Every structure is written in C-alpha cells, then in structure tokens.
Amino acid sequence: MLTHASTSGASDIGALVREDRVHRDVYTSETVFALERERLFKRAWLFVGHTSQIPQPGDVLACEPAGQPVILVRQPDSGILALANRCLHKGAPLVSGEQANVARMLRCPYHGWTYRPDGTLLAIPLRDGYAGTGLAAGCEGNGLVRYRHLVDYRGFLFLRLAEEGPDFHDWFGPALAALDNMVERSPQGRLEVVGPPLRHRIRCNWKIYLENINDAMHPVSAHRSAATTAKRLWAGRPEDAAKPMAIEQMLPFGGSYEFFDGMGARILPNGHSFFGTRFNIHTAYGALDAYRQAMNDAYGETRAGEILGFRSQNTILYPTLSVKSSPVAIRVLRPVAVDETILESWSFRPVGAPDTLLERALTYNRVAFSPMSVVAHDDVHLFEAMQRHLGSDANPWVDLRRDAGDPGALAGEGATDREVASGSEALMRNQFRAWQHMMRASGS
Ligand code: FES
Ligand SMILES: [Fe+2]
C-alpha cells in the first residue's frame, strides 16, 4: 500500500488506520517506521532511565531513544543533563558502555577531545592546529548538543527529543497515577533500580508487543501450556498451602475468559490505559503483614489501603512504557527496526519494604518476560510468526472491532477517558487513535 513516494503526505498515513481495523503496513513498512521515529518517538515523551542509576556527580547513563545516542549526566549541582553521545569532531561515542562515571570530564576515545560534564568543550590536543579555523574551543555554545526537554517525574526520567511537542503533563495526564503508585508502595516514597534490565530481542514490530500488553483475550489459548504446567506442578496440594513464588505468579495465567474480561480497564487520551481496574492476575498474591504495617505507619491506614488497592496490572504510558505497580516492575519497548524490538524488563526495590517485594519483581520478570521465561515464549513465537505472515498476500487488514458493535461506541471513544471491558479492543483502537494523531501532525 505504501511506497516511499506516497508517504510524504499525511493522508497516506490516515488511510492506514480505520476505526475498526489497521492496514498491515503499520507493522511492516520501513517507511512507516522511519516516519514513526520522526513524528511519534521524537515528539512523545520516552522513558530513558531512573535517577537511582546515576546518584553521584559525574554518573552517566547511555541510552538510544528513537535511534538517537544520548547520555544522561549527573551534574555537580545534582541536576541531570541530556547530551548527544556524539563527539563534535568525527562523531565517536563519548561513552561506550551503558553506565559510567566521568568525574571531571568526558574524554573522546578517538582523538582525545575532552568535554566538561555539562557538555561544553574543555580541551583539544595540539589546539593550535585549529587557530584561525573558527572553532572557538572552550566557548559557551560550542559543546555537545543538549536536549532541553528532560523531565524527572518522581525519579523516572522522560525525554522529548524534539523542540516542539506536547507538554509532559498534558501528554500523560491521569496515567501518571501508575508511577505515583509505584513510588508510594515504598514506605519511604523512594524506588531504586536493581541491576540492569533483562533484555529480550524480539523479531516483531513494537506495536504487536504493545497491543499484547492490553490483550485479555489471549492468555486462555496462548498460555495454556504454561498455565497447565503450573497447575500440574501444584496439583493435590492443600488449598491453604503456601505457594512457591513462581507457582503463585504462574497459576493466574490459567484464569478463564470471564476472569480476564472482567478485570476492567480504562482508556485515556493519547493512547494510555489502565489494564485492570477491579482486580488482576497479581491480586491474589499472599498478604505480607509486616509490609502492611510499615505502610500503615508511613501513610495511615486509609491511605495505605488506597495505595495497595490500586489494581492496574499494566498501565501503558504510550508509546513505549508499561508499568506494573505490583510487582514493582516496568517494561520498556525499544523499537530498533520495523521488525525488531528490544523488550526491557526492569525491577525496582521499594525502599523500606520487605525484600519479598523485590523478589516478586525479579521473579516475575524472569518467569513472565525474560528470554528464559516459561510464559513469554508463547507470545514471542506468535509475534514473530505474525510479523512474517503479515507480509503475505492474504488479507492486508488487521481487525480491531471487538466490542465496537454499539454504533455510537467508535465515535464516542475519541480522546475520552472512559471505562471499558478488559477484553475490549477499544484499548488497541485507543492506541491507534494516538498513533494516527501523532503521525499526521506536521512539524518536528
Ligand atoms: S572523534 Fe572525538 S576526538 Fe576525534
Ligand atoms: Fe502473553
């Protein structure tokens, strides 16, 4: 449907998304992926890291939002700057690993140009060689490109690469409640990232994965073998026997269609959503009395009950972040190519909470999301096969009309905040509505 020549106009993008279906090109076209980087990923707010990863002055975290090499550098005054990880000279990366400490300066590994932690040029070997060339070494403004739109939201760092784009709070709106809730699950109101994220390279378009995060209709069939295995392992045990953590976490995957459809969901403007408003697959985990007491002491009984009663199993902060308030974990999608996505699974320690909470996050990420997961391979096998089969000569459309039978439903979905069944594809339609809006909008 799309050619390089035909995608210059917004109308071509508009034709890919209908109210109840999307064209396969949104998942398979390299042209669309290139446009997504420019119009969506550079203009939306992308999660790039957590402040606990760079606590000391000079600490650096490297990341690559929308394919752009960026370093986040903790400054001597404790602020954080986002700088291009690209030397002014010939473009060598100033930081090669994921994390570093640059102490007093960043030194380019190629020809030794050095920069201050704020990115301004400090020194060049045999600097006289540049005399009269116009390179004003050391002058303000002659330094690494600085990305100005960096927001620290309760420790979660979000970057908007483009100069023009939506305001942070306007963009996320009520979805930020999921991050508030994660932070408040610490009796001290503080989270720490534990270890580097688990990474899983998946040969599929990022939207196939994102849709799945809101897909309540797939576990019964797709995760049947994993759920059945857990059930068999636990068969015959007394009802009240304490379950090993992995069993406790896997058994709910064996829930019924009615269970998954009844969790409830809420769609929000800009593609965000709460998935699970009444209960979710984590709700029945064993009570932790000491933790409840610590929360009561910190917040008071009523407020502690509200915090622990927050039910969203996966909150999507569109386009690439999914937040699990309990277990305290996030998933981050890193789209690499039209048919390649890296999934990162991050675990957090709620400071002041028993280690069991951290263990739940680590175990869940390992059991459900990692490359050695006994659950994720069910999905990943399907995602990768779908990516290949979408390119076939068969029907070029992907259907999204579940729960769209009410004639007023589709029109009423636009840019609204409303409750839907968790099994409804209104959740995916909501994502594509945001996608279409960002992809159609002009400007950088
Ligand atoms: S590329 Fe960095 S000093 Fe030459
Ligand atoms: Fe799944």
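Parameters and conventions
Residues numbered from 1 in each chain as written. Chains lettered and ligands numbered in written order. Predicted model: local features only at pLDDT ≥ 70, side-chain atom pairs only at ≥ 80, totals over all residues. Heavy atoms only, no water. Helix = DSSP H or I, 4+ residues; strand = E, 2+ residues; numbered from the N terminus. Buried < 20%, exposed > 50% of the residue type's maximum accessible area, 1.4 Å probe, protein only. Contact = heavy atoms within 4.5 Å. Areas by Shrake-Rupley, 256 points an atom, 1.4 Å probe, with all protein chains shown as cover. Donors = N, O, S within 2.8 Å, 3.2 Å for Na, K, Ca; no water. Tetrahedral: all angles 85-135°; square planar, octahedral: opposite > 155°, others 65-115°. 1 Å grid on protein atoms, 1.4 Å probe; cavity = no way out; pocket = protein on both sides within 12 Å on 5 of 7 lines; lining within 4 Å. Points joined across faces, edges and corners; volume = space filled by probe spheres on them. Nonpolar A, V, L, I, M, F, W, Y, C, P; charged D, E, K, R; others polar. Domains from an automatic or database assignment. Arc of directions from axis to C-beta. Salt bridge = Lys/Arg side-chain N within 4 Å of Asp/Glu carboxyl O. Pairing = 2+ DSSP bridges.

A. Representation of the overall build of the chain within the structure. When helices and strands are counted, the chain shows 16 helices and 22 strands. By principal-axis analysis of the C-alpha atoms, the chain measures approximately 80 × 55 × 35 Å. Here the chain, with 444 residues, has 53% of them falling under the buried criterion. In the chain, the share of contacts with a sequence separation of at least 24, taken over all contacts with a separation of at least 6, comes to 66%. For the chain, the exposed area adds up to about 19300 Å²; of that, 51% sits on carbon and sulfur atoms.

B. The arrangement of the coordination of the iron ion (ligand 2) in detail. Protein coordination at the iron ion (ligand 2): the donors are His218 (NE2), His223 (NE2), Asp379 (OD) and Asp379 (OD), at 2.1 to 2.5 Å from the metal. Considering all 4 donor atoms around the iron ion (ligand 2), angles at the metal cover 55 to 140° and the coordination shape is irregular. All donor residues of the iron ion (ligand 2) come from one chain, and their arrangement in sequence is H-x4-H-x155-D. Taken as a pair, histidine 218 in the loop between α6 (206-213) and α7 (219-222) and aspartate 379 in helix α14 (residues 376-390) lie far apart in primary sequence, 161 residues in all.

C. Looking closely at the layout of surface pockets. A volume near 560 Å³ is recorded for the largest pocket. What lines the largest pocket is a set of 27 residues, and nearest its centre among them are Cys63, Glu64, Pro65, Arg334 and Glu344. Of all the secondary-structure elements, those providing two or more residues to the lining of the largest pocket are α3 (30-41), β2 (46-50), β3 (59-63), β19 (329-337) and β20 (340-350). Looking at the lining of the largest pocket residue by residue, the classes come out as 15 nonpolar, 6 polar and 6 charged. Built from parts of two domains, the lining of the largest pocket gets at least three residues from each of domain 1 (52-153) and domain 2 (173-440). Approximately 410 Å³ is the volume found for the second largest pocket. Looking at the second largest pocket, it is lined by 20 residues, and the ones nearest its centre are Arg185, Tyr291, Leu308, Ser326 and Arg360. Mapped by element, the contributors of at least two residues to the lining of the second largest pocket are α11 (289-299) and α13 (355-369).

D. Summary view of helix α8 (residues 224-234). For α8, the set of buried residues is Ala226, Ala227, Ala230 and Trp234. Looking down the long axis of α8, one finds its buried residues gathered within 95° of arc, a one-sided arrangement. For α8, exposure combined with an orientation more than 90 degrees from the buried face picks out Arg224 and Arg232.

E. Quick peek at the pattern of salt bridges. Overall, the coordinates contain 18 salt bridges when judged by the stated rule. With a closest N to O distance of 3.3 Å, arginine 21 and aspartate 20 form a salt bridge.

F. Broad picture of the sheet that holds strand β4 (residues 70-74). Taken in spatial order, the 5 strands of this open sheet run β6-β3-β4-β5-β10, and their pairing is antiparallel. Looking at which strands have only one partner, the edges of the open sheet turn out to be β6 (99-101) and β10 (146-147). As paired elements, β4 and strand β5 (residues 80-84) share 5 bridges and run antiparallel to each other. Within β5, the position partnered with arginine 74 by the bridge is isoleucine 80.

G. Empty space enclosed by the protein, seen in detail. A full pass over the atoms with the stated rule returns 2 cavities of 30 Å³ or more. Looking at the largest cavity, its volume works out to about 250 Å³. If you trace the largest cavity, you find 24 residues lining it, with Asn212, His218, Phe253, Gln313 and Arg331 closest to the centre. Mapped onto the lining of the largest cavity, the elements with two or more residues apiece are α6, α13 and α14. Looking at the second largest cavity, its volume works out to about 40 Å³. For the lining of the second largest cavity, the secondary-structure elements that each account for two or more residues are α6 and α16 (426-440). Partitioned by chemical class, the residues of the lining of the second largest cavity number 4 nonpolar, 1 polar and 2 charged.

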